[in-house]
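Coordinate analysis (summary)
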Amino acid sequence: MKVVELLKIGAEMLKLMSRNEVNRDDWRFVPMYEEFQEMRDKGVKYREAVRMLAEDYHVSRATVERAIKRLEGEC
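Now for a quick tour of the structure.

**A look at the packing of aromatic side chains**
Any two aromatic rings considered together are summarised by their centre-to-centre distance and by the angle between their planes. Scanning all chains against the criterion turns up two aromatic pairs. The interplanar angle of 90° and the centroid separation of 5.8 Å between the aromatic rings of F36 and Y46 together place this pair among those described as edge-to-face. Linking F36 in helix α2 (residues 30-41) with Y46 in helix α3 (residues 46-57), this pair joins segments that are ten residues apart in sequence. With a relative accessible area of 3%, F36 lands in the buried category. Pairwise contacts between aromatic rings join Y33, F36 and Y46 into one cluster.

Structure follows, in structure tokens:
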């Protein structure tokens, strides 16, 4: 399969993602976001959850916070 064929298949989804400011690499953060939600449901404070996830996923706290904000958004 050529790249152009893949783009034709996913064009509508890519347009929707672009309109809603979804980064193309945000798929990597879905498990992290789900873990964040579980932690919050169990009563873990926001800052502590962010700190733990940053450590577990080897990213900065700011990256975790930005990813959570994007993934929580409505589209």
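**Some points on the packing of α2 against helix α4 (residues 61-72)**
Interhelical geometry of α2 versus α4 gives an angle of 85° and a closest axis separation of 10 Å. Classed by the angle they form, the pair α2 and α4 counts as roughly perpendicular. When α2 is examined against α4, the residues V30, M32, Y33 and F36 are found in contact with a partner set consisting of V64, A67, I68, L71 and E72.

Here is what the cut-offs are and how they apply
Residues numbered from 1 in each chain as written. Predicted model: local features only at pLDDT ≥ 70, side-chain atom pairs only at ≥ 80, totals over all residues. Heavy atoms only, no water. Phe/Tyr/Trp six-rings, centres within 6.5 Å; stacked < 30°, edge-to-face > 60°. Helix = DSSP H or I, 4+ residues; strand = E, 2+ residues; numbered from the N terminus. Buried < 20%, exposed > 50% of the residue type's maximum accessible area, 1.4 Å probe, protein only. Axes fitted to C-alpha atoms, helices over the stretch in contact; angles between N-to-C directions. Parallel < 35°, antiparallel > 145°, perpendicular 65-115°, else oblique. Contact = heavy atoms within 4.5 Å.

Shape is all these values report; function is a separate question.
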